[in-house]
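Listed here are the chains, written in short residue letters.
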Amino acid sequence: MALNLILRYPLLGPFGIQRFLVGPLCPSRLRVSSGSDQSLCMVCLCTSASRCIWRQGCSKLQMDSGTRSLSTITREPSFIASSSVGLHKDSILWFQLTQLHLPSAAEEQTFRKRMETCSSSWQILKLLRSVEMISDTMAAAVLHHVADLEQEGGALRDPTVLEKDTIRALCFQLEQDSTRLSDAGLVSTLLACTRLYLDPWSTLMVRLMSESQVRLDRGEMTVEQLCTLGQAMLAMEGPGSVMLEQVMEQIQRQEPAQWSLAGLVAVYQLLQDGVGGDGRHRDLLNAMHTHAMTITSRMDPAAVSRLLNALVTLNQMQAIPLVISLCKQAVRHVSYFTDEELTHVLGALMHFGHSDHYFVKAMERHVPSLAFTSHPETVTKVMQFFSHRNILSPTVLDAVAESFVYRADDYSTSQVARQIMAFGKLGYLPPNAGQVFGKVETILHKSFSHFQPQMLLNLLHACTLVQRFPVNFVSKVFSSFFLQQLQAEEDAGIDQAVLAQLTQLYMTVKLECPFYEGLKLLPKYRVKSFLMSSGSLETPANPHLYSLVKSSLVDLLGDRMYFGSRVLTPYCYTLDVEIKLNEEGYVLPASYTDEVYKRIALCIDGRKRFTTNGRQLLGREAIKQRHLRLLGYEVVQIPHYEFEKLQKKTSRVEYLHHKIFPHTYRLNW
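Residues numbered from 1 in each chain as written. Predicted model: local features only at pLDDT ≥ 70, side-chain atom pairs only at ≥ 80, totals over all residues. Heavy atoms only, no water.

Description of unusual backbone geometry
Logical step 1: Positive phi, normally seen in glycine, also occurs at histidine 281, with a value near 60°.
Logical step 2: Phi angles above zero are rare outside glycine, and glutamine 467 is one such case at about 60°.
Logical step 3: By the secondary structure assignment, glutamine 467 is in the loop between helix 21 (453-465) and helix 22 (471-477). (Helix = DSSP H or I, 4+ residues; strand = E, 2+ residues; numbered from the N terminus.)

Looking at helix 26 (residues 619-630)
Logical step 1: Along its 12 residues, helix 26 runs 17 Å from first to last C-alpha, staying within 8% of the 16 Å computed at 1.5 Å per residue.
Logical step 2: Of all the residues in helix 26, the buried ones are Gly619, Glu621, Ile623, Lys624, Gln625, Arg626, His627 and Leu628.
Logical step 3: Residues of helix 26 that are buried sit in contact with helix 19 (413-426), helix 21, helix 24 (496-512), strand 9 (574-581), strand 11 (598-605) and strand 12 (634-639).
Logical step 4: Where helix 26 terminates, the next one or two residues include glycine 632, which has phi positive at roughly 105°. (Expected span 1.5 Å × (residues − 1). Buried < 20%, exposed > 50% of the residue type's maximum accessible area, 1.4 Å probe, protein only. Contact = heavy atoms within 4.5 Å.)

Brief notes about the packing of helix 17 (residues 376-388) against helix 19
Logical step 1: Packing of helix 17 against helix 19 leaves a shortest axis separation of 9 Å and a crossing angle of 25°. It follows that helix 17 is roughly parallel to helix 19 by the angle criterion. Helix 17 and helix 19 meet at a crossing whose hand is left-handed. Contact with helix 17, carried on its side by Pro376, Glu377, Val379, Thr380, Met383, Gln384, Phe386, Ser387 and His388, involves Gln415, Arg418, Gln419, Ala422, Phe423, Lys425 and Leu426 of helix 19 and no other residues of that element.
Logical step 2: Across the contact of helix 17 with helix 19, the residue classes tally to 7 nonpolar, 6 polar and 3 charged. (Axes fitted to C-alpha atoms, helices over the stretch in contact; angles between N-to-C directions. Parallel < 35°, antiparallel > 145°, perpendicular 65-115°, else oblique. Left-handed = near helix turned anticlockwise from the far one by under 90°. Nonpolar A, V, L, I, M, F, W, Y, C, P; charged D, E, K, R; others polar.)

Quick word on the pattern of salt bridges
Logical step 1: Applying the stated criterion across every chain, the model contains 22 salt bridges.
Logical step 2: Among the ionic pairs, aspartate 165 bridges to arginine 168, the shortest N-O distance being 2.0 Å. With aspartate 165 and arginine 168 both in helix 6 (residues 165-176), this residue pair falls 3 residues apart, about one helical turn.
Logical step 3: Judged by relative accessible area, arginine 168 falls into the buried class, the value being 7%.
Logical step 4: Shared partners join several salt bridges into a network, and the residues in it are Asp576, Asp605, Arg609 and Glu621. (Salt bridge = Lys/Arg side-chain N within 4 Å of Asp/Glu carboxyl O.)

Focus on the packing of aromatic side chains
Logical step 1: Tallied over the entire structure, the rule returns 8 aromatic pairs.
Logical step 2: Consider the rings of phenylalanine 359 and phenylalanine 385, whose centres lie 5.7 Å apart with planes at 85°: the pair is edge-to-face. Separated by 26 residues along the polypeptide, phenylalanine 359 in helix 16 (residues 357-373) and phenylalanine 385 in helix 17 bring together distant segments of the chain. Phenylalanine 385 matches phenylalanine 359 in its accessibility class, with the two residues each being buried.
Logical step 3: For the pair phenylalanine 385 and phenylalanine 386, a centre-to-centre distance of 5.4 Å together with 85° between the ring planes defines the contact as edge-to-face. Here the two residues phenylalanine 385 and phenylalanine 386 agree in accessibility, since each one is buried.
Logical step 4: Ring pairing ties together the aromatic residues Phe359, Phe385 and Phe386, which thus form one cluster.
Logical step 5: Taking NZ or CZ as reference, lysine 476 lies 4.7 Å from the ring centre of phenylalanine 448, over its face. (Phe/Tyr/Trp six-rings, centres within 6.5 Å; stacked < 30°, edge-to-face > 60°. Lys NZ or Arg CZ within 6 Å of the ring centre and 35° of its normal.)

Some words on the side chain of serine 178
Logical step 1: Within the secondary structure, serine 178 is located in the loop between helix 6 and helix 7 (183-195).
Logical step 2: The exposure class of serine 178 is buried, given its relative accessible area of 5%.

In short, the description is geometric, and any link to function would need to be established separately.
In structure tokens:
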């Protein structure tokens, strides 16, 4: 077929191609001679290239390409076509641009819908052969869809797709008639070519760039077209592109309030992809945030997701009002988000520390079906969102737990660990906990060595928070080999928060699994306190609540000397308040160490120690109180929801008396 093309192709003359007999041809690359004795593949010939235009897309022939390894994964904006491409129905594929016989809007929409159903490049090319006429924007959309299907990492999954007759003929005619393309078709075609990793020095790319520069100098492009051109230049030359700077200058001269929704989203996307880093274009971003607030109610699921994702990438912490507005709009779209869109929305809400009651309710309605059908990463992100925001939702957690039993074999080790970590942090056991943790044990037996050390430790630690003890695997974690692996993950040695996890895991098996006889955690890997500035395994007491309780305790006990505050125990836990009693039940001064018969630990539990929507202690607080009881302390819980409603001083003192000394009559001092 390739030989027939060389013999019959009517426009090979200008390339200086000589016809001669050849032996067996390489199936992955057909070469012919040019006037300069340089071997060219057929794709280069069809685009008048002086050298290969698809070498960067070929996995076998891939070379160092600098910024060419950058690819953009974006949803391209829609454009209105002003010219068209005709496909001649002869034995040789041939395209011709014309200003006549443009496809109607309905025909173009039908073509795009049919193309969206194509799951392979072969199907797209077959569809392309079947149409009588396509616009230049439709032709660009074809190249984009081929890129969507073929991109894999920094190369094309099947680079031979660029040798197909249809692609070669289309590229050739786009090159020949680049000056006749519409602005939308031109910039979209250029971006598509960068996504197909075509050589930027090929004639096709040079002509498209040259013509784009001409159009850019005219200053007549819309903001959507400028953004598409900016994406192409960012992929080809990186953030330092001179042409990209010119694009940004023209964008900044426009007023964001006049932009369409598509234009606004396109600019956010361009800034997110590298143009808006390091605090650049701050004034432009602030103006965009203001405009976005006014049109949030008109945003579809894709726009909401893309804006939130852009705000995260650009770290726009000052845009919290916009985040809140987008979250309200997201409530309407929860059931319509794609998996990727929902993942971005949840990630943004975690990043900005925001959750909405109505959004949570919408998620509770949607997750029971989502848990069994969505991408594993999306299900995992759902669990991370509820865990990060400390939201206890039995509806969501039970649904994910049920799906975990059936789907966990298809999850990555990271996804398994992150889902179980959510149960541990919230201190929640689903009704099918036996099946869930049985599945976890099976996965650990089968894939223990596949877990990253830190992720494995997180998983095992989370199990202990809900009283599921991984005794079969603890010995491996305390081994010198595993500890060396942990140390290798950190440049400056094992982090204190990680050592705290190891210490608490060791304490758990010693206190709650007395039959454990495996390896011990060496003393050098143990911490002295679980309360630390970051990664703490304890939640500090709320200062206001703590102050109220202390003043009431002074009134109850008669003097400040009779209780200790923030007492660090030999067991790493820090007590909010410690009261010591002798054998007869009398309160001893806090400084006494002899004759102490009983120790009372007051847990002054503020809001941050509970789930945000209930009265259940978080997993790390539950295990602390459990361990203190096993260590001989009498634990007295002072929850905020009981103490804060007491307005009178006498009521608070009486409350503490009944809590701490329920069987003792109190005399008035």
